Each structure stands twice: as C-alpha cells, then as structure tokens.
Amino acid sequence: MLLNKCIEDSLDTSVPFFSDNDLVANVLSLMQEKGVECAPILHKGKVSAMVTILDLLPAQQSRKQLMDLELERAYSIGLHEHLFDIVVRIDSFPYQSIPVSGEGGEYVGVIQKTALFEHIAAVFHLQEECKTLELAVPSYDLKLSEIIATLEKNDATVLSCGIYPVAPDGEGLVLAFRLQVHDFYRLVSNLKNYGYVIRYSSPFSEKDDEMREKALEFIRFMDM
C-alpha cells in the first residue's frame, strides 16, 4: 500500500510550515495563534527540522532566525514509499506529526502517527469483527499453503497472516491468522483433531458456545 494511496484523507496541509530564515518571534506568534505545538522547517522547499513551542520560547525576545536555534535534523516520509517500509522508521520521528514529502523530496504536508497505525490495522483487519488464531508449528516443516488450505476447507477465510518465532533462539514458529469464519468452535476443534497446536484463539461467541454444548451433548449420548 503506497502512502499516496492510503493517506489521501489523512494528509494535513493546514499545519503551518516555515523557512529556516524566518524570525523566531514571528514563528512563535503564528504557532500560538494556530494552536500548533510542532511545525516543519523547510530549507529550499525540503524539510530540514521540526520546531516546537518549547524550542522557541527561550529566544522569543531576540532577533534570531530559526536556523540560529541549532535544531536537530529532521527527515520526512515519502508519498512514493510503501506503508510497510515506513513502519520500522516510525520510532525515529519524535513527534506525533510526521512530515511527508513528494517523490522529489519537496514538502507536501504532515500525517499523524495515529493515522499510520490505523492504516496498518486496516490492512491486517485488526479493527474488524474477525477471529484471531495462533498455531505453533515446527519451522523445518512449515508449509503455509497447506495450513491455509486446511483453514479454507473448514470454511474459514484468511484475511491476514503473521509469522514470528516461538522464542528468540527457538526453532518453532507461530502463525497468527485473522479469520472470517462461520463456525469458529468447529474450526478450532478440527484443527486440534488434525494435530495442530493451538497457542491462542479468540473467545467463542454465544453461537459457538451453543454449538459446543450441542456437540458435547451428542458426544455424551454416543458414550452411552
């Protein structure tokens, strides 16, 4: 998912931005007027730093320019970048507002970190009424296509999947699925019968509990 596809409604172009030769006093006045705590500073149209109210207050009575404050170098994320490639860099942005640039590096606006997290959640269907299922599997015998086929044979639709090791130095892997499934209880029961190790499953719904009771009742009847 390219950023220029997922932030069309999230890009904020109303946040004021400044040139590095603007006077501190003027910048402080405008930021206070707009109620903005943090704003980008540009050098030749590209982001060079981010400035906060706290950065400006000590020099508010001076004739200093923004370039005189010796602010930390700031970077931007690009509209042409993939959302997943940006995730590993989110922590490098100290503020909630992250500068966004065009493919040529020119500043185009800011996006909030929360908006990026919401897009990630949407990609993996984390905000939907779905079921979560984790399976522990040996890494040497992992055939993801076979596992997905098993889930689909049990009327489950795989919406997203993640893989991580059981332990940092362990050999096993955990497969975490987000699923749409009609009968979650039946799916979990069948997977156990197939020999899969269930590490976690979402709580069963009232409908699942009802079907479980019917199944247990049937089993008790057969035992008689």
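Rules of the game
Residues numbered from 1 in each chain as written. Predicted model: local features only at pLDDT ≥ 70, side-chain atom pairs only at ≥ 80, totals over all residues. Heavy atoms only, no water. Helix = DSSP H or I, 4+ residues; strand = E, 2+ residues; numbered from the N terminus. Buried < 20%, exposed > 50% of the residue type's maximum accessible area, 1.4 Å probe, protein only. Areas by Shrake-Rupley, 256 points an atom, 1.4 Å probe, with all protein chains shown as cover. Salt bridge = Lys/Arg side-chain N within 4 Å of Asp/Glu carboxyl O. Core = buried A, V, L, I, M, F, W, Y, C linked by side-chain atoms within 4.5 Å. Contact = heavy atoms within 4.5 Å. Pairing = 2+ DSSP bridges. Axes fitted to C-alpha atoms, helices over the stretch in contact; angles between N-to-C directions. Polar contact = N/O pair within 3.5 Å; in protein donor to acceptor, adjacent residues only side chain to side chain. Arc of directions from axis to C-beta.

## Regarding the overall build of the protein chain
(1) Moving on: Along the backbone of the protein chain there are eight helices and 10 strands.
(2) Moving on: Residue burial in the protein chain is summarised as follows: out of 224 residues, 38% are buried.
(3) Moving on: Here the protein chain has roughly 13700 Å² of accessible surface; of this, 51% comes from carbon and sulfur atoms.

## Description of the pattern of salt bridges
Once the charged atoms of two side chains with opposite charge are near each other, the side chains can pair.
(1) Moving on: Per the stated rule, a full pass over the model turns up four salt bridges.
(2) Moving on: Residue Asp155 pairs with Arg186 through a salt bridge whose shortest N-O separation is 3.9 Å. Within this pair, whereas Asp155 is found in the loop between α6 (144-153) and β8 (156-165), its partner Arg186 is found in helix α7 (residues 184-193), the two being separated by 31 residues in sequence.
(3) Moving on: Residue Arg186 is classed as partly exposed on the basis of its relative accessible area, which comes to 34%.

## Points about the nonpolar core
(1) Moving on: Met31, Val51, Leu56 and Leu66 are the most contacted members of the largest nonpolar core, which has 23 residues in total.
(2) Moving on: Going through the elements one at a time, α2 (24-34), β2 (38-43), β3 (46-52), α3 (53-56) and β6 (107-112) are the ones with two or more residues in this core.
(3) Moving on: Excluding residues that lie within four positions of it along the chain, Leu66 makes contacts with Phe18, Ser19, Asp20, Asp22, Val24, Val27, Ile41, Val51 and Leu56.
(4) Moving on: Core analysis: the next-biggest nonpolar cluster, separate from the first, contains 16 residues, Leu133, Val137, Leu173 and Ile198 among them.

## Here we look at the sheet that holds β6
(1) Moving on: The three strands are arranged β4-β5-β6 in an open sheet whose pairing can be described as mixed. Of all the strands in the sheet, the pair left with one neighbour each is β4 (77-78) and β6.
(2) Moving on: In this sheet, strand β5 (residues 97-101) lies alongside β4 in parallel orientation, the contact comprising two bridges. Note that in β5 the partner of Gly78 across the bridge is Ser101.
(3) Moving on: Packing against the sheet, helix α5 (residues 113-123) makes contact with β4, β5 and β6, and its axis sits at approximately 70 degrees to β6.

## As for the side chain of Ser101
(1) Moving on: Following the sequence through the fold, Ser101 ends up in strand β5.
(2) Moving on: At 3.1 Å, the side chain of Ser101 and the side chain of Ser76 are in polar contact.
(3) Moving on: When near neighbours in sequence (up to four residues on either side) are disregarded, Ser101 contacts Ser76, Ile77, Gly78, Leu79, Glu106, Tyr107 and Val108.

## A word on the side chain of Lys131
(1) Moving on: Relative to the elements of secondary structure, Lys131 occurs in strand β7 (residues 131-138).
(2) Moving on: Of the polar contacts made by the side chain of Lys131, one reaches the backbone oxygen of Pro203; its length is 3.0 Å.

## Re α6
Each full turn of the α-helix corresponds to 3.6 residues, which orients residues three or four apart in the same direction.
(1) Moving on: Residues of α6 that are buried include every one of Ile147, Thr150 and Leu151, and no others. Burial along α6 is one-sided: seen end-on, the buried residues are contained in an arc of 100 degrees. Residues of α6 that are exposed and point more than 90 degrees away from the buried face comprise Ser145 and Lys153.
(2) Moving on: The inward-facing, buried residues of α6 abut β7, β8, β9 (172-181) and α7.

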